[in-house]
Amino acid sequence: MPTTLQERLAAALAKIINPRTGGNVFDSQQVRDIATTTEGRVKATLLLTPDDDPTLARAVREAMEGVAGVTDLQLDVRSIAAQPAGGPPPRAP
């Protein structure tokens with residue numbers, strides 16, 4: 001059972017599946033830069049592509065706000081370019 005606020009947030013985010021990718025938003029690193037304070041303030045960034053369902057942002061916000069110990073949430077939603085299903089393109093040598 002998750003004991004720290006960071007662990008509880010990770011567990012909540014791991015339950016949110018992105019319909020476009022089939023993966024959860026935590027393991028796929030769509031939610032990044034999660035910072036917490038001892039007072040329960042949370043700041044995070046959500047990365048969405050133009051092909052992502054816009055309601056995903058609401059689901060992430062609601063999940064994070066529902067975590068025990070969260071008193072305030074600042075979620076920065078950013079749009080990024082769509083990437084191929086296999087992940088980022090390979091780097092040139």
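Keep in mind that this is a model prediction, so the values were computed, not measured.

Engineer: Kindly report on the overall build of the chain, identifying the contributing residues and their values.
Structural biologist: Check the secondary structure of the chain and you find 2 helices and 3 strands. Reading the chain from its N end, one meets helices and strands in the order α-β-β-α-β. Relative to its full complement of 93 residues, the chain shows a buried share of 32%. Entry remark: accessible area of the chain is about 6,100 Å², with carbon and sulfur atoms responsible for 53%.

Engineer: Explain the pattern of salt bridges residue by residue, including any values.
Structural biologist: As enumerated under the stated definition, the model contains 3 salt bridges in all. Between Arg-20 and Asp-52 there is a salt bridge, with its nearest N and O atoms 2.6 Å apart. Taken together, the positions of Arg-20 in the loop between helix 1 (5-13) and strand 1 (31-36) and Asp-52 in the loop between strand 2 (41-48) and helix 2 (55-65) put the pair 32 residues apart, joining distant regions of the chain. Looking at Arg-20, the relative accessible area reads 36%, which means it is partly exposed. Note that Arg-78 and Asp-76 form a salt bridge whose closest N and O atoms lie 2.7 Å from each other. Residue classification places Asp-76 among the partly exposed residues on the basis of a relative accessible area of 29%.

Engineer: Which residues make up helix 1, and what are the values?
Structural biologist: In an α-helix there are 3.6 residues to a turn, and that puts residues three or four apart on one side. Within helix 1, burial applies to Leu-5, Leu-9, Ala-10, Ala-12 and Leu-13. Buried residues of helix 1, viewed axially, fall in a sector of 165°; they line one side. On its buried face, helix 1 is in contact with strand 1, strand 2 and helix 2.

Thresholds, definitions, all that
- Residues numbered from 1 in each chain as written.
- Predicted model: local features only at pLDDT ≥ 70, side-chain atom pairs only at ≥ 80, totals over all residues.
- Heavy atoms only, no water.
- Helix = DSSP H or I, 4+ residues; strand = E, 2+ residues; numbered from the N terminus.
- Buried < 20%, exposed > 50% of the residue type's maximum accessible area, 1.4 Å probe, protein only.
- Areas by Shrake-Rupley, 256 points an atom, 1.4 Å probe, with all protein chains shown as cover.
- Salt bridge = Lys/Arg side-chain N within 4 Å of Asp/Glu carboxyl O.
- Arc of directions from axis to C-beta.
- Contact = heavy atoms within 4.5 Å.

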